[in-house]
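Per-entry structural report
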Amino acid sequence: MNASPPTVHREDGLEWLRGVRRRLMTEAGGDLKSLGDKYRQSHAQHPEKVFAPRKLLTEAVLHLK
């Protein structure tokens, strides 16, 4: 069930990001719920570090008016 998908190499410069995601999933034991719980806990402890695209877009639109 937790088998790793085959690695596909893409020439888009994002292999570093895919590597980080693979490492985090491995650290979570392949359990997506556990990984999500870890993210939610981190976001609750450090809300200033959470990227909120909706908020950013709203502020940008208001700035244009």
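See the structure printed just above.
Description of the structure in this document. Note that the structure is a prediction, hence the values are computed from the model and not measured. (Residues numbered from 1 in each chain as written. Predicted model: local features only at pLDDT ≥ 70, side-chain atom pairs only at ≥ 80, totals over all residues. Heavy atoms only, no water.)

**A closer look at the overall build of the protein chain**
Condition: Under the DSSP-based scheme used, a helix requires at least four consecutive residues in state H or I and a strand at least two consecutive residues in state E, with every element numbered from the N terminus. Working definition: with a 1.4 Å probe on protein chains only, accessible area under 20% of the residue-type maximum means buried, over 50% means exposed, and in between means partly exposed. Using a 1.4 Å probe, the Shrake-Rupley method yields the accessible areas, and only the shown protein chains count as cover for residues.
Looking only at helices and strands, the protein chain features 3 helices and 0 strands. Secondary structure of the protein chain in N-to-C order comes out as α-α-α. Burial status across the protein chain gives 8% buried among its 65 residues. As displayed, the protein chain offers around 6,200 Å² of accessible surface, 62% of which is attributable to carbon and sulfur atoms.

**Quick look at the packing of helix 1 (residues 15-27) against helix 2 (residues 32-45)**
Heads up, the rule is: Axis lines are fitted through C-alpha atoms, for helices just across the contact stretch, and the angle between N-to-C directions can take any value from 0 to 180 degrees. Just so you know how the angles are binned, under 35 degrees is roughly parallel, over 145 roughly antiparallel, 65 to 115 roughly perpendicular, and the rest oblique. Here, residues are in contact when the closest pair of their heavy atoms is within 4.5 Å. Each residue gets one label: Ala, Val, Leu, Ile, Met, Phe, Trp, Tyr, Cys and Pro are nonpolar, Asp, Glu, Lys and Arg are charged, and the others, such as Gly, are polar.
Closest axis-to-axis distance for the helix 1/helix 2 pair is 9 Å, and the angle between their directions is 105°. The pairing of helix 1 with helix 2 is recorded here as roughly perpendicular in orientation. Contacts between helix 1 and helix 2 involve Leu-24, Met-25 and Glu-27 on the former and, on the latter, Leu-32, Leu-35, Lys-38 and Tyr-39. Its residues placed into classes, the contact of helix 1 with helix 2 shows 5 nonpolar, no polar and 2 charged.

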